[in-house]
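# Examining the three-dimensional arrangement
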Amino acid sequence: MTEPTYATIKVSSAKRVGRIQLNRPAALNALDERTMDEVVAAATAFDADDSVGAILLAGSQKAFAAGADIKEMVDKSAAEMRAADWFRRWEDFAALRTPVVAAVSGYALGGGCELALMADVVIAGSGATFGQPEINLGVIPGMGGSQRLARSAGKAKAMDMILTGRHVDAAEAERMGMVSRVVEDGELEAEAKTVAELIASKSKPATQVAKETVAAAFETPLQQGLLLERRQFHALFSTEDQAEGMAAFQEKRKPRWQHR
Ligand code: HXC
């Protein structure tokens, strides 16, 4: 099978980690239609690949992504936006079953911030800047920011960021619950890689089910979520990896995951 070639992203894989790097430096990785298509296509391909256990999404040192591409949107009419259902394709990204680790350095603004919010684990460099500045363009977040920011950071912080458009630094983003860990900028790449490889080294059915079950916490009432968790836990006893993981514990050795 020939590898697809991409114009706006770099794609590679090693040690069960599929890596997608946004690569539109002249536009600070602004997400135009082509970039959106390519990120979703590459991530979907990794998701379907049994040899990939985690996806690592990175930008450049200056920008994770400076938002949706304003130059591409500027002349669009409401009818065109609605007809194309602009940003709908990100639902496919959010629905990936493979855990996604985002390595964020530099600007993560607008759609860039929303892309980070779609990731499962967000590792930020200490110099990263997050923001939802759409209000300064006369619009609002369109890739999930109003919903996901409110859920991860709470109403007070979501309103603060979305109504004022102010940027927050990595330390504040971590305090707000938008970010999993902050590391020195120079350590970001290595730390994100380590985290992605660690997740990818676990049993794939278990990490997929774990992601699905935590994600359900944002959709379901508590009792329904607790029941789902219990049923998912029970269902994992049908996997070879559950038998292997528990046997390995008893035998005081490392498990050899079959990912099934
Ligand atoms: C298109 C962008 C862009 C963007 C930057 N560029 N952000 N192009 N869309 N979102 C381009 C600039 O036009 C410029 O190209 C080049 O990238 C470098 O940017 P500069 O502004 O010269 O860099 P700097 O002075 O360092 O400022 C960096 C910045 C600023 C603070 C990140 O670029 C900025 O504020 N960008 C816009 C951020 C934003 O508003 N994002 C939200 C977008 S709306 P040229 O060719 O001019 O040199 C969104 C949500 C969508 O994401 C949902 C609502 C519909």
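What counts, and at which threshold
- Residues numbered from 1 in each chain as written.
- Predicted model: local features only at pLDDT ≥ 70, side-chain atom pairs only at ≥ 80, totals over all residues.
- Heavy atoms only, no water.
- UniProt positions renumbered as here; feature names shortened; annotations may be inferred.
- Near = heavy atom within 4 Å.
- Polar contact = N/O pair within 3.5 Å; in protein donor to acceptor, adjacent residues only side chain to side chain.
- Helix = DSSP H or I, 4+ residues; strand = E, 2+ residues; numbered from the N terminus.
- Nonpolar A, V, L, I, M, F, W, Y, C, P; charged D, E, K, R; others polar.
- Buried < 20%, exposed > 50% of the residue type's maximum accessible area, 1.4 Å probe, protein only.
- Pairing = 2+ DSSP bridges.
- Salt bridge = Lys/Arg side-chain N within 4 Å of Asp/Glu carboxyl O.
- Axes fitted to C-alpha atoms, helices over the stretch in contact; angles between N-to-C directions.
- Contact = heavy atoms within 4.5 Å.
- Core = buried A, V, L, I, M, F, W, Y, C linked by side-chain atoms within 4.5 Å.
- Phe/Tyr/Trp six-rings, centres within 6.5 Å; stacked < 30°, edge-to-face > 60°.

An unreviewed UniProt entry lists the protein chain under the name Enoyl-CoA hydratase, from Nesterenkonia halobia. Under the UniProt heading Sequence similarities (unreviewed entry), the entry covering the protein chain gives this text: "Belongs to the enoyl-CoA hydratase/isomerase family."

## Digging into the site of the ligand
Around the ligand there are 23 residues in total, and Lys 62, Ala 66, Ala 68, Ile 70 and Gly 111 lie nearest to it. Taking Ile 70, its main chain carries an N or O atom lying 2.9 Å from a nitrogen atom of the ligand. Listed by contribution, the elements that provide at least two residues to the shell around the ligand are α2 (70-73) and β6 (107-109). Along the lines of polarity and charge, the residues of the shell around the ligand split into 15 nonpolar, four polar and four charged.

## Looking at the pairing of strand β2 (residues 17-22)
The buried fraction of β2 is high, at six of six residues. Side chains Val 17, Arg 19 and Gln 21 of β2 all project onto a buried face; the interleaved residues Gly 18, Ile 20 and Leu 22 project onto the opposite face, where all are buried too. Sheet topology places strand β1 (residues 9-14) next to β2; six bridges connect them, and they run antiparallel. By the bridge assignment for β2, Lys 10 is matched with Gln 21. What sits between β1 and β2 in their antiparallel hairpin is a turn of two residues, with Lys 15 showing a positive phi close to 50°.

## Description of the pattern of salt bridges
Counting across every chain of the model gives 17 salt bridges. Ionic pairing is found between Arg 260 and Glu 240, a salt bridge with its closest N-O pair at 3.1 Å. Of this pair, Arg 260 sits in the segment after α12 (240-250) while Glu 240 sits in helix α12, and the two are 20 residues apart along the sequence. Residues joined by salt bridges that share partners form a network here, namely Lys 157, Asp 160, Arg 166 and Glu 172.

## A short note on the sheet that holds β1
By way of backbone hydrogen bonds, the strands of a sheet pair with one another, either parallel or antiparallel. Read across the sheet, six strands follow the order β1-β2-β3-β5-β7-β10 without closing on themselves; strand pairing throughout is mixed. Strands with a single pairing partner mark the edges of an open sheet, and in this sheet they are β1 and β10 (181-183). Strand-to-strand twist of the sheet, defined as the mean angle between neighbouring strand axes without regard to direction, takes the value 20°. With four bridges joining them, strand β3 (residues 54-58) and strand β5 (residues 100-104) adopt parallel strand pairing. Paired with Ala 58 across the bridge in β5 is Ala 103. The strands that helix α9 (residues 188-200) touches are β2, β3, β5, β7 (121-125) and β10; relative to β7, the one it contacts most, it runs at about 165°.

## Quick look at the nonpolar core
The biggest cluster of nonpolar side chains holds 47 residues, and the ones touching the most others in it are Phe 64, Trp 90, Phe 93, Val 104, Leu 115, Phe 130 and Met 178. A per-element tally of this core places helix α1 (residues 33-47) first, with six residues. Dropping the residues within four chain positions of it, Val 104 is found in contact with Phe 64, Ala 116, Val 122, Ile 123, Ala 124, Gly 125, Ala 128, Phe 130 and Leu 188.

## A few points about the packing of aromatic side chains
Any pair of aromatic rings gets described here by the distance separating the centres and the angle formed by the planes. Summed over the entire model, instances satisfying the criterion amount to three aromatic pairs. Both rings, one in Trp 86 and one in Phe 87, keep their centres 6.4 Å apart while their planes meet at 65°; by these two values the pair is edge-to-face. Residue classification places Trp 86 among the buried positions, given a relative accessible area of 10%.

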